[in-house]
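Structure at a glance
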Amino acid sequence: MSTNPAVPETGPQPRPRPAADAPDPSPRVDLPAAPATAAELARVAADRATGQLAPPAPVRLQDVVPAPAQVRPDPSGDFTLPPDAAIRVGPAGRDVAGQLADWLRPATGYPLPVTDHAEPGPDAPLTLTLSPATAPPAPAGDAPADGAPAGDAGPADRAALGDEGYRLDVTGGGVRITAATPAGLFHGTQTLRQLLPAAIESATPVAERWVLPGGTIVDRPRFAYRGAMLDVARHFFGVDDVLRVVDHLARYKLNHLHLHLTDDQGWRIAVDSRPRLAEVGGATAVGGAPGGWYTRDDYRRIVAYAARRHVTVVPEIDLPGHTNAALVACPELAPGKTAPPPYTGTDVGFSYLDPDDERTYAFVADVVGEVAALTPGPWLHLGGDEAFKVPAESYRAFVDRAQALVAATGKTVVGWHQIAPAGHVDGRVVQWWGTNGDDPETADAVRRGARLVLSPGNHAYLDMKYAPDTPIGHDWAGLVDVRRAYEWDPGAHVHGVPAEAVLGVEAPLWTESVTTRAEIEFMMFPRLPAVAELGWSPRSTHDWAGFRERLAGHGPRWTAAGITFHPAPEIPWPARREGSPAGTAGRAPATA
Ligand code: TNX
C-alpha cells in the first residue's frame, strides 16, 4: 500500500508503544496465523470470532455501549418478554416502534404488534412515550449531572433529556421508554435491544428467555455531532453497503454519516448539469477495481434510510485538491486545460482545480448547488485537504469563494482543518485530523468562530491498522488498536480549543485498501463503538477497564448479526463453551 499523505503540518509520527499497564494481549484461544490476502479476511475473521465466543452471561443494565449517563439497576425488576407482547406508542413515535418490532421479530418469532396509546386495550409491556413539549435545546459540551441517581420520570427529568436523550425503565411489569423527540426514543430502543440476550441479533427464531435486566437508565449525549465517514471514492460501495453502515452507526447512537463522494480515483454522485462527472469521472477506482456512482435516486434513498434512523448524511465534495477524476471529466478546469489520465493509484496531493479560472467557480456553484438541493441535512463538506500544489494565498482565496458558494445554498460549511486559515463564515465547522493536538491555525479559526469536529488520525482513523499484521489499512498515523481508539478526550484534545467549541467526533474510514463490506466491518468493529462512546458518554464514565469488559459482550451480538469484526486481543471476548454456537445462549436455534 503506497499511500502516504505525508502530513506536512505535523511531520512523521512515532509508532505508539503499548502502554505499560496494557492488559495481557495474549488471546484466550490459539488463533490461526494472519490471513495472507485481504480476500481471506472475512472468512478468517468470522472463523476466529466464532471460535472465540461463548454464550454470553445475562446482560446487565450497566453493560450498554456507549455508556449511559445514569444507570440504576434493580435486580428485582427483571422483565421477561412474553410471546404476546405488544408495543404501545403514540402517532409521532410509531415509526420508531415499527423499527423496534422489526429488530425483535426475527429472533423471538413473536408477532409484536404496534398499537396506539389511544386505542383501548390492556397495558402493553413495551411502551414508548413522547413528550415533545418538554424538549430543551441540544446540549453543547459535557452533559450535566452524570452519575446522579435516576428518580421518577417527572417533567423535570424529561426536560433534562434534550434533543436526543431518553429514559428507560424496566420493571416486572414491562419496559417504558420516554423521550422528548423521536430521535431520543430511537436511541432508547437501541439501548433496549442491547439489554436483550445476544441471540436477539439472530435472523431466525431462537429458543431463548428474552429477559431484560430491571432498573432505570437516564441518558443523553455529551456531543451533538457523532459520526463516521465512509470513503466511497477510492473504492465504490453500492447503496446496500452504505445502508448497512448506517445501521452500524445507529446501533451505537452515532448520528452523522459523512460520505466522501469525490476524489482522484472516482466521482461518485450524479450532477445533472455536468453528467460527465459521474459517467466519465465515476468509471474508475483504486487498482482498476470497478467504478460506480450514485444516481440522484440512489443518494435520496441513502439519505431517507439514514433519516429514519436519525442519522444525518454529510456529503463531501473534495476541493480544490483530490480532483483528478473531475479533471478527467472536465479538462477545462485543469491548470493546463488538458485532461490528465485517469488515476487508480493511492498517492495524494497532486491534482487541483485551476484557482485562476472563473469556470472553476461556476463548476463549484453548480455542484454544491445540486448536492445541497438533494441533501436535507444542514451540512456540506467541501474537503480542502492536501492541495499541496496550490500556493497558500491562492488556496485561501479559493476556500473563501467556495465557502461563500456553500453558504449561498443555505448549508453550513464543513472542511478538513486545512481550511482553517480562510475567513470565517457563519457556523463553519473545521474537521481536525492531525496527530499531535497542537495546531495554532485550527485554534485560531476556533477563536474566530469555527466549531470543531475531532478525527485525530492516530485515534479515530478507522483505516489505520490495528497491529503490524493487520492485512489491510495504513500506518502513517501509527497503529490504532481498540485502546488507542478509546483513550483520548475530544473535549480537551487540541491545544487552545475549549470543550464548548467542540461539536463532536467522527471516525473516518478511507478505503484505498478496503474493498468489500466485510473489510469495512473488520476495520469498523470494534473501534467504531469506542469512538461512539467518546461522542455520547459523559467523561465521568470513561474507563478503559470497564469499556473492554462491556465491549466483550458485543462480540456474540456481532456474530449473531453476521457482522465481521477484528477479534482484538485486548478485549476479553467470552471463551466459547464446548458445543455451544456463539450468540444462541447455548441452545440450538429453533427452525423458522
Ligand atoms: C489522508 S485525512 C487523507 C486521505 C487519505 C488518508 C489515508 C485527509 C483529509 N486526507 O486522502 O485517504 O489520509 O489515511
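Everything quoted here is computed from the prediction, not taken from an experiment.

So, how was this worked out
- Residues numbered from 1 in each chain as written.
- Predicted model: local features only at pLDDT ≥ 70, side-chain atom pairs only at ≥ 80, totals over all residues.
- Heavy atoms only, no water.
- Salt bridge = Lys/Arg side-chain N within 4 Å of Asp/Glu carboxyl O.
- Helix = DSSP H or I, 4+ residues; strand = E, 2+ residues; numbered from the N terminus.
- Near = heavy atom within 4 Å.
- Polar contact = N/O pair within 3.5 Å; in protein donor to acceptor, adjacent residues only side chain to side chain.
- Areas by Shrake-Rupley, 256 points an atom, 1.4 Å probe, with all protein chains shown as cover.
- Nonpolar A, V, L, I, M, F, W, Y, C, P; charged D, E, K, R; others polar.
- Axes fitted to C-alpha atoms, helices over the stretch in contact; angles between N-to-C directions.
- Parallel < 35°, antiparallel > 145°, perpendicular 65-115°, else oblique.
- Left-handed = near helix turned anticlockwise from the far one by under 90°.
- Contact = heavy atoms within 4.5 Å.
- Buried < 20%, exposed > 50% of the residue type's maximum accessible area, 1.4 Å probe, protein only.
- Pairing = 2+ DSSP bridges.
- Phe/Tyr/Trp six-rings, centres within 6.5 Å; stacked < 30°, edge-to-face > 60°.
- Core = buried A, V, L, I, M, F, W, Y, C linked by side-chain atoms within 4.5 Å.
- Expected span 1.5 Å × (residues − 1).

As for the pattern of salt bridges
- Overall, the coordinates contain 28 salt bridges when judged by the stated rule.
- The closest approach of N and O atoms between Arg234 and Asp263, which form a salt bridge, is 3.4 Å. Highlighted residues: Arg234 in the loop between strand S10 (225-231) and helix H5 (239-251) and Asp263 in strand S12 (residues 262-263), separated in sequence by 29 residues.
- For Arg301, the salt bridge is made with Asp240, and the minimal N-O distance between the two is 3.3 Å. Here Arg301, found in helix H7 (residues 296-308), pairs with Asp240, found in helix H5; they are 61 residues apart in sequence, far enough to count as distant.

A short note on the site of the ligand
- What surrounds the ligand is a group of 15 residues, the closest being Arg234, Tyr461, Asp463, Trp476 and Glu512.
- In this structure, an oxygen atom belonging to the ligand sits 3.3 Å away from a side-chain N or O atom of Glu386.
- Within the contact set of the ligand, an oxygen atom lies 2.6 Å away from a side-chain nitrogen or oxygen of Asp463.
- A total of 370 Å² of accessible area belongs to the ligand in isolation, and the protein chains cover 100% of it.
- Of the residues in the shell around the ligand, the class split is 8 nonpolar, 2 polar and 5 charged.

Focus on the packing of helix H15 (residues 527-536) against helix H16 (residues 544-552)
- Running from N to C, H15 and H16 cross one another at 130°; their axes reach a closest spacing of 11 Å. Overall, the two elements H15 and H16 adopt an arrangement that is oblique. With respect to the hand of their crossing, H15 and H16 are arranged in right-handed fashion. Facing H15, whose interface residues are Pro529, Ala530 and Glu533, H16 presents Phe547, Arg550 and Leu551.
- Considering only residue class, the contact of H15 with H16 consists of 4 nonpolar, no polar and 2 charged.

Re the pairing of strand S9 (residues 215-219)
- Buried residues dominate S9, accounting for 5 of its 5 residues.
- Burial along S9 is two-sided: the face carrying Gly215, Ile217 and Asp219 and the face carrying Thr216 and Val218 are both buried.
- Bridge count between strand S1 (residues 70-73) and S9: 4 bridges; the pairing is antiparallel. Following the sheet pairing, Gln70 is matched in S9 by Val218.
- The pairing of strand S6 (residues 166-171) with S9 spans 5 bridges and is antiparallel. Within the sheet, the bridge partner assigned to Leu168 lies in S9 and is Ile217.

A look at the sheet that holds strand S18 (residues 451-454)
- Pairing in this closed barrel of 8 strands is parallel, and the strands run S10-S11-S14-S15-S16-S17-S18-S19 around the ring. The mean inter-strand angle of the sheet, taken between neighbouring strand axes irrespective of direction, is 30°.
- In this sheet, S18 lies alongside strand S17 (residues 429-432) in parallel orientation, the contact comprising 4 bridges. The partner of Val429 across the bridge, within S18, is Arg451.
- Against the sheet, H15 touches S10 and strand S19 (502-509), its axis set at about 175° to S19.

Section: the packing of aromatic side chains
- Scanning all chains against the criterion turns up 20 aromatic pairs.
- When the ring of Phe236 is compared with that of Tyr294, the centres are 4.9 Å apart and the planes differ by 45°; the resulting orientation is tilted. Taken together, the positions of Phe236 in the loop between S10 and H5 and Tyr294 in the loop between helix H6 (276-279) and H7 put the pair 58 residues apart, joining distant regions of the chain.
- On the basis of relative accessible area, Phe236 is assigned to the partly exposed category, the value being 21%.

Re the nonpolar core
- Ranked by size, the top nonpolar core spans 113 residues in total, and within it Leu259, Trp267, Leu277, Tyr299 and Phe363 carry the most contacts.
- If you tally residues by element for this core, the top one is helix H9 (residues 358-374), at 8 residues.
- Here Leu259 is in contact with Leu230, Val232, Val242, Tyr299, Ile302, Val313, Val314, Pro315 and Glu316, once residues within four sequence places are set aside.
- Residues Phe79, Val96, Leu168 and Phe186 belong to the second largest nonpolar core, which totals 39 residues.

A word on H5
- For H5, which comprises 13 residues, the first-to-last C-alpha distance of 19 Å matches the rise-based estimate of 18 Å (1.5 Å per residue) to within 8%.
- Of all 13 residues in H5, 10 are buried, a share of seventy percent or more.
- Buried within H5 we find Val239, Asp241, Val242, Leu243, Val245, Val246, His248, Leu249, Ala250 and Arg251.
- Looking one or two residues past H5, Lys253 carries a phi angle of roughly 65°, positive in sign.

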